[in-house]
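Structure at a glance
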Amino acid sequence: ATLMRSLVKKRVPLQMGRMCYSSVSTTKLFIDGKFVESKSPEWLDIHNPATNEVIGRVPKATHEEMLAAVDSCSRVYHTWSETSILARQQIFLRYQQLIKDNIKELAKLITLEQGKTLADAEGDVFRGLQVVEHTCSITSLMLGETLPSITKDMDTYTYRMPIGVCAGITPFNFPAMIPLWMFPMGMVCGNTYLLKPSERVPGCALMLAKLLQDAGAPDGTLNIIHGQHNAVNFICDHPAIKAISFVGSNQAGEYIYERGSKNGKRVQSNMGAKNHGVVMPDANKENTLNQLVGAAFGAAGQRCMALSTAILVGEARNWLPELVERANGLRVNAGDQPGADVGPLISPQAKERVNSLIQSGVDEGAKVLLDGRNVKVKGYENGNFVGPTIVSNVTPDMKCYKEEIFGPVLVVLEADSLDDAIKIVNKNPYGNGTAIFTTNGAAARKYTHEVDVGQIGVNVPIPVPLPMFSFTGSRASFRGDTNFYGKQGIQFYTQIKTVTSQWKAEDATLKSPAVTMPT
Ligand code: NAD
């Protein structure tokens, strides 16, 4: 984090508002409370997505370094898990304040490494902060249950206990929010935590670690390693690690779920999505069009809850020209530029993939009503920009419908009735999020009951639940039994001990052995 701060300080303005770095810095590991330089011979470049300039390097941690990190977690677990719950709560109370105090600096770092606009980057931190705030209720969240007098002189009660060393593997698209879904929940329950952030945006996790240290978290309670497949395999295989939280693509998530589970670990795996917005003709037009545009193109479509597919029902199909007009009004620019609505994609490869998925729609008979493929951003000609794109006449058999595009592309289907729209949504393998736009309560109720999706918005385009609930994606968007944060997050990071105790008065003492099953 110190490194990242000095990196931010080294920022020097160039002509046309561009920013660059006077030198390339290395990303540290965080082991046993120290930010240490890796001895790895293998390093990856980190790019600013708006310029593609190299802004830093991140190591693929060596086996010895990964062992040191997990050993630190194991060693400290014994004292941390016995620390009083009030002491742990105090640390997270201080932590939430430190995150609030540093939100702008965290956001700058996110924009630099990930590309999203500064306002959106603040939202990224804020949604993670809400989870940290929720962890401060741990004294209520971790309560067990009691049932007195299950028989004469006998009571049963449960404790929620931590499970040991837990690990998190995170994606590039929310550098603050998703790590904050993980280690604060795990640690406040008394576990120690090993985090492997996305190698494309590692800086924010280090800054979050520094703030946690400043809040009083003892050395070794959080360790951070960097890397790709080797680091992931290490986490899936190391016997000291009892649970893995993963967020990212299906390719990685299914693999991690299987490998981790086979090794006897708990795994929760949040994965890809194709979220449908169903627009009924009775919807409030102004509100709906604005919400669709915001949710499809915000964060350049790189959100797992982006509303990337619209189904226009009946007469709502006539709203297409106005939808295009609004999307066309968004300003594409580097995330740190004033007024930017849509920033760059994470990499040139991501840009190429998105462009080729748009082209696949054209090849299969869809119509591109708004084409962002050739967008030019003055002063940022080398950035990974794709402008808002709307593809209509899309059918469920097309590649651009079947694949998660993860870019600023809205594909539009049409349906004659709500029933037809529900059939389309339920046939899609993903079940992360969806929204219906309507003024008809009966239609909204029917939709919420019949659609097989984990998170549903009624006139709410991105219905990501607040942390007193849980993030409940389903079907191909999730593997595991207990979801992230909320009550389910506490379940994931704890195990239950059930105690049955009998205290008899002296005169009720058993006089002979009881060999039948107690009833
Ligand atoms: P990604 O799967 O490429 O990377 C995620 C993590 O897995 C990284 O730490 C990476 O190092 C590791 N990884 C990548 N490929 C791997 C492989 N083959 N084997 C083992 N580990 C691997 O995902 P990403 O591109 O960083 O993020 C975008 C994806 O994440 C999208 O599909 C998006 O929908 C999904 N996502 C889902 C949610 C959710 O809550 N459902 C939230 C955010 C993002």
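Basis of the calculations
- For every chain, the first residue of the written sequence is number 1, and numbering continues from 1 along that sequence.
- For this predicted model, a pLDDT threshold of at least 70 governs which residues receive local features, and a threshold of 80 or more governs which side-chain atom pairs are given and counted, while totals over whole chains, interfaces and linings are taken from all residues.
- Heavy atoms from the whole structure form the basis of all side-chain values; hydrogens and water molecules are not counted.
- Secondary structure is summarised from DSSP: a helix means a run of H or I of at least four residues, a strand means a run of E of at least two, and numbering begins at the N terminus for each.
- What the globule rule says is 2.2 Å times the number of residues to the power 0.38, and the radius of gyration is computed from C-alpha atoms.
- Buried residues are those whose accessible area, probed at 1.4 Å on protein chains only, stays under 20% of the maximum for their type, while exposed residues exceed 50% and partly exposed ones sit between those limits.
- In these tables, accessible area is a Shrake-Rupley quantity obtained with a 1.4 Å probe, and a residue counts as shielded only by the protein chains included in the view.
- His is not counted here, nor are the chain ends, while Lys and Arg score as positive and Asp and Glu score as negative.
- Charge positions come from single atoms, namely NZ of Lys, CZ of Arg, CG of Asp or CD of Glu.
- Counting of polar contacts relies on pairs of N or O atoms within 3.5 Å, with two restrictions inside protein: one atom must be capable of donating a hydrogen and the other of accepting it, and residues adjacent in sequence are counted only when both atoms are side-chain atoms.
- Any pair of residues with heavy atoms lying within 4.5 Å of one another is described as a contacting pair.
- Proximity criterion: a residue is near a molecule or strand once any of its heavy atoms comes within 4 Å of it.
- Here a cavity denotes a set of grid points, spaced 1 Å apart and computed over the protein atoms alone, in which a 1.4 Å probe fits but from which it cannot get out, and a pocket denotes an open set meeting protein on both sides within 12 Å along at least five of seven lines; residues with an atom within 4 Å of a point are reported as lining.
- Each molecule is checked against the cavity or pocket grid, and it sits inside if more than half of its atoms lie within 2 Å of the grid points.
- Grid points are joined across faces, edges and corners, and a volume is the space filled by probe spheres set on the points.
- In this count, Pro and Cys sit with the nonpolar residues alongside Ala, Val, Leu, Ile, Met, Phe, Trp and Tyr, while Asp, Glu, Lys and Arg are called charged and the others, Gly among them, polar.
- Paired rings are identified among Phe, Tyr and Trp, the last through its six-membered ring, by centres lying within 6.5 Å, and are further divided according to the angle between planes into stacked (under 30 degrees), edge-to-face (over 60) and tilted (the rest).
- Note on criteria: charge over ring means Lys NZ or Arg CZ within 6 Å of the ring centre, with the direction from the centre no more than 35 degrees off the ring normal.
- UniProt positions are given in the numbering used here, feature names are shortened, and annotations may be inferred rather than shown by experiment.
- When DSSP finds at least two bridges between two strands, those strands are taken to pair.

What follows covers the overall build of the chain. Summing up its helical and strand segments, the chain has 17 helices and 25 strands in all. The globule rule puts the C-alpha radius of gyration for 519 residues at 24 Å, and the 25 Å found for the chain is close to it. Overall, the chain is about 85 × 60 × 40 Å in size when its C-alpha atoms are taken along their principal axes. When each of the 519 residues of the chain is scored for burial, the buried share is 57%. When the accessible surface of the chain is summed, it comes to about 21,500 Å², and 53% of that surface belongs to carbon and sulfur atoms. Charge centroids of the chain, computed over 52 positive and 49 negative side chains, lie 3 Å from each other.

All right, on to the side chain of Asn384 then. Mapped onto the secondary structure, Asn384 falls in the loop between β17 (367-370) and β18 (389-392). There is a polar contact of 3.5 Å between the side chain of Asn384 and the backbone oxygen of Ile346. For Asn384, the contacting residues outside a window of four places in its chain are Pro49, Asn52, Pro344, Leu345, Ile346, Ser347, Pro348 and Lys351.

Turning our attention to the site of the ligand. As a matter of local geometry, the ligand sits amid 27 residues, with Thr170, Glu199, Ser249, Met271 and Glu404 nearest to it. Gly248 is positioned such that a nitrogen or oxygen atom in its backbone is 3.3 Å from an oxygen atom of the ligand. Protein contacts shield 90% of the accessible area of the ligand, which totals 830 Å² for the unbound molecule. Judged by the proximity of its atoms to the pocket grid, the ligand belongs to the largest pocket. Of all the secondary-structure elements, those providing two or more residues to the shell around the ligand are α7 (177-188), α9 (229-237) and β13 (241-247).

Moving on, we come to empty space enclosed by the protein. One pass over the full model with this rule turns up seven cavities of 30 Å³ or more. Lining the second largest cavity are Ala273, Lys274, Asn275, Gly301, Arg303, Cys304, Ala306, Ser308, Glu404, Ile405, Phe406 and Gly407. Residue composition of the lining of the second largest cavity, grouped by class: five nonpolar, four polar and three charged.

Below, the discussion takes up the packing of aromatic side chains. A full pass over the atoms with the stated rule returns 10 aromatic pairs. Pairing Trp181 with Tyr485 gives two aromatic rings, centres 5.5 Å apart and planes at 65 degrees, and the pair type is edge-to-face. Separated by 304 residues along the polypeptide, Trp181 in helix α7 and Tyr485 in the loop between β24 (478-479) and α17 (486-492) bring together distant segments of the chain. Here the two residues Trp181 and Tyr485 agree in accessibility, since each one is buried. Above the plane of the ring of Phe174 lies Lys116, whose end atom (NZ or CZ) is 4.0 Å from the centre.

Now for the UniProt feature "domain: Aldehyde dehydrogenase" (unreviewed entry) in the chain. Following the UniProt record, the feature "domain: Aldehyde dehydrogenase" (unreviewed entry) maps to residues 35-499 here. End-to-end, the C-alpha atoms of residues 35-499 are 42 Å apart, and along that stretch the chain is 40% helix and 21% strand.

Burial along strand β9 (residues 154-162) is one-sided: Met154, Thr156, Thr158, Arg160 and Pro162 are buried, and none of Asp155, Tyr157, Tyr159 and Met161, which face the opposite way, are. Across three bridges, the pairing between strand β8 (residues 146-151) and β9 is antiparallel. Within β9, the residue paired with Thr151 across the bridge is Met154. Between the end of β8 and the start of β9, which pair antiparallel, lie two residues, with Asp153 showing a positive phi angle near 65 degrees. As defined by bridge partners, β9 adjoins strand β25 (residues 494-502) across nine bridges and the pair is classed as antiparallel. From the neighbouring strand, Pro162 faces β25, where its bridge partner is Thr494.

Another aspect to go through is the layout of surface pockets. Taken as a whole, the largest pocket holds about 1,100 Å³ of empty space. Along its surface, the largest pocket is lined by 37 residues, and Phe172, Arg200, Gly248, Ser249 and Ala252 are the ones closest to its centre. Of all the secondary structure elements, the ones that give two or more residues to the lining of the largest pocket are α9, β13, α10 (250-262) and α13 (348-363). Computed from the structure, the second largest pocket encloses a volume of approximately 290 Å³. Forming the walls of the second largest pocket are 14 residues, and the residues nearest its centre are Asp120, Arg127, Phe174, Arg303 and Ile462. Residue contributions to the lining of the second largest pocket peak at four residues, all from helix α5 (residues 118-135). Grouping the constituent residues of the lining of the second largest pocket by class yields seven nonpolar, three polar and four charged.

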